[in-house]
Amino acid sequence: MKKWLIGAGIVLSYIFIVGFFFTNQMMYMKKKTDKEIIDRETKDGHYDEKEYDSYNKIEVSIPSKFGYDIKGMLIAPHKTYSYVIICHGVTMNRYNSIKYMKLFLNRGMNVLIYDHRRHGESGGKTTSFGHYEKFDLQSVVHWLKDRVGDELHLGIHGESMGAVTTLLYGGLVEDGADYYIADCPFSDLQEQLLYRLKSDFKLPGYLVMPIARRFLKLRDGYSIQDVSPIAVIDRIQHPVLFIHSKDDDYIPSAMTQQLFDKKPGFKKIYFAEKGAHAMSYTENREEYERIIDEFFEELKKHKHTANI
C-alpha cells in the first residue's frame, strides 16, 4: 500500500509539474522590453528616434471584448482610404512593427500598429498564440472601419504569432481585410509545440502534450487544437501573400508551404534566401520589398479581372 501511494504521488507530482511548467511557458512567455526591441531595431537599421518622433501619431485605445484596452498608434499622413494593420510577434510590441510601418508608408498607405494582449501597453493577462488575439484584431479592424468608412481598403500584415493571428482572424472570425500578408506563421500550434519540445527539451510529445492540453484548457479556457491556421486557411477567400525564411529554425518554412498549398484562390509565396526566424525583411530588404510591390501589382490586375 505504501509503495502504491508513493508511486501515485510521483505520478501526480509529474503531472502537475509538467502541466504548470509548460502552460506557464505558453501563457507567460517572457517579453522583451522596449529598450531591447528598440536597441535591436536600431542596430538593424529599422528605427531612428528622430524620424519616429517626427511622425504625426494618433494614440489609439480600443476596447477588447475580454475587458481590457488594446493600445496602438495610427499614422495616417496620406489622403487615402488605403490602410494596413500590422500585427507583431510573441514577446514583441508595436516598436517591432515600425520597420513594416515605414515600408507601407513609403508606398502611400496609412498604418495602424498596436500591441497584442499582454504585450506593450495593452491589457490582458495571458498570451494565447492567436486564439484570443484574433478577436482583438477584429476589434481593431472594426474600430478602423468605423473611423475611415465604407471606402476603406484594408490590408493586414502579421509576423510570426501576428501572422497566425491574421490567418485565424480571416479564417475563423471574418474575412474582413482586402488582403493579408503572413510572414513566418506556424500552420498548427500542436505541431509547432511538438517541434519545439523535440528541439528545445529533447522530449517526446506523448510525455507532455496530453497533460499540457488539459492544463491549458483549465487554466486559459481554450484548446491547443483551436489554434490551427491550416484547419481554416481554405475559408479565406481574399488574397494572401505568404513569406518565410528558408533558414528559419524556430518555425519550419514547410509550414508556410502547407498553408499556401491549401489556400484557395489568389495567393503568392516568397521564401527568403537568408535570415533566421522573423528576419526575412531584415536580411533580404530589396527582395522583400520587390515581392510586396509585385503582390500589389498582381492585386490590381486580380481586382480588375474580377470586376469584368
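As a starting point, this report considers the structure included with it. Chains are numbered independently. Their residues run from 1 in the order of the written sequence. In view of the model being predicted, local features appear only for residues whose pLDDT reaches at least 70, and side-chain atom pairs are presented and counted only at 80 or more, with totals across whole chains, interfaces and linings using the full set of residues. Excluding hydrogens and water, the side-chain figures rest on all heavy atoms present in the structure.

**Quick notes on the overall build of the protein chain**
As a reminder of what qualifies: Under the scheme used here, helices are H or I runs from DSSP no shorter than 4 residues and strands are E runs no shorter than 2 residues, and both carry numbers assigned from the N terminus. Burial here depends on accessible area, computed with a 1.4 Å probe over protein chains only, as a share of the maximum for the residue type. Under 20% is buried, over 50% is exposed, and the range in between is partly exposed. All accessibility values rest on the Shrake-Rupley procedure with a 1.4 Å probe; residue burial counts only the protein chains present in the view. Note on charges: Lys and Arg go in the positive column, Asp and Glu in the negative column, and His and the chain ends are not counted at all. For the purpose of locating charges, the reference atoms are NZ of Lys, CZ of Arg, CG of Asp and CD of Glu.
Scanning the protein chain for helices and strands turns up twelve helices and eight strands. Projected onto its principal axes, the C-alpha positions of the protein chain cover 80 × 40 × 35 Å. Expressed as a percentage of the 308 residues in the protein chain, the buried residues total 52%. When the accessible surface of the protein chain is split by element, carbon and sulfur atoms take 54% of a total near 14,500 Å². Positive and negative charge centroids in the protein chain, built from 42 and 42 side chains respectively, lie 6 Å apart.

**Topic: the pairing of strand 8 (residues 267–272)**
The test is simple: Whether two strands pair depends on DSSP finding at least two bridges between them. Whether a crossover is right-handed comes down to one check: with the strands pointing away from the viewer, does the path from the first strand over the helix to the second run clockwise; if it does, it is right-handed.
Going residue by residue along strand 8, you find K268, Y270 and A272 tucked away on one face and K267, I269 and F271 left uncovered on the opposite face. In terms of strand pairing, strand 7 (residues 240–245) meets strand 8 through six bridges, oriented parallel. Note on strand 8: the bridge partner recorded for L241 is K268. Each parallel crossover has a hand, and the one from strand 7 via helix 10 (residues 253–262) to strand 8 is right-handed.

**Section: the packing of aromatic side chains**
As a reminder of what qualifies: The criterion for an aromatic pair is that two Phe, Tyr or Trp rings (for Trp, the six-membered ring) have centres within 6.5 Å, with stacked assigned to planes under 30 degrees apart, edge-to-face to planes over 60 apart and tilted to the rest. Two thresholds decide whether a charge sits over a ring: the Lys NZ or Arg CZ must be within 6 Å of the ring centre and within 35 degrees of the ring normal.
Evaluated as defined, the whole model comprises 22 aromatic pairs. Ring centres 5.0 Å apart and planes at 85° place the aromatic pair F21 and F22 in the edge-to-face group. Residue F21 is classed as partly exposed on the basis of its relative accessible area of 36%. Residues Y281 and Y288 carry aromatic rings whose centres are separated by 5.0 Å and whose planes lie at 55° to one another, so their mutual orientation is tilted. One aromatic cluster is present, built from ring pairs that chain together F66, Y68, Y132, F135 and Y222. Note that K267 overlies the ring of F260, its terminal NZ or CZ placed 4.6 Å from the centroid.

**Focus on the side chain of E159**
Convention followed: When a carboxyl oxygen of Asp or Glu lies within 4 Å of a side-chain nitrogen of Lys or Arg, that pair is called a salt bridge. Pairs of N or O atoms are called polar contacts if they sit within 3.5 Å, as long as, within protein, a hydrogen donor faces a hydrogen acceptor (for residues adjacent in sequence, only side-chain-to-side-chain pairs). Contacts are assigned to residue pairs with any non-hydrogen atoms lying within 4.5 Å of each other.
With respect to the helices and strands, E159 occurs in strand 5 (residues 153–159). One buried charge, E159, has no salt-bridge partner; the nearest side chain with opposite charge is K99, at 4.3 Å. One polar contact links E159 to N96, side chain to side chain, over a distance of 2.9 Å. Leave out the neighbours within four places in its chain, and E159 touches C87, H88, G89, N96, K99, Y100, D183, C184 and A278.

**Overview of the packing of helix 5 (residues 133–148) against helix 6 (residues 161–173)**
The description of two helices packed together rests on the angle between their axes and the distance between the axes. For clarity, the cut-off: In this analysis an axis means a line fitted to C-alpha atoms, helices contributing only their contacting stretch, and an angle means the value between N-to-C directions, from 0 to 180 degrees. Note on angle classes: values under 35 degrees are labelled roughly parallel, values over 145 roughly antiparallel, values of 65 to 115 roughly perpendicular, and the remainder oblique. Three residue categories are used. Nonpolar comprises Ala, Val, Leu, Ile, Met, Phe, Trp, Tyr, Cys and Pro, charged comprises Asp, Glu, Lys and Arg, and polar comprises the others, including Gly.
Closest axis-to-axis distance for the helix 5/helix 6 pair is 8 Å, and the angle between their directions is 75°. Of the possible angle classes, the one that applies to helix 5 and helix 6 is roughly perpendicular. Facing helix 5, whose interface residues are E133, K134, F135, L137, Q138 and V141, helix 6 presents M161, T165, T166, L168, Y169, L172 and V173. Broken down by class, the residue content of the contact of helix 5 with helix 6 amounts to eight nonpolar, three polar and two charged.

Purely geometric numbers; function is a separate question.
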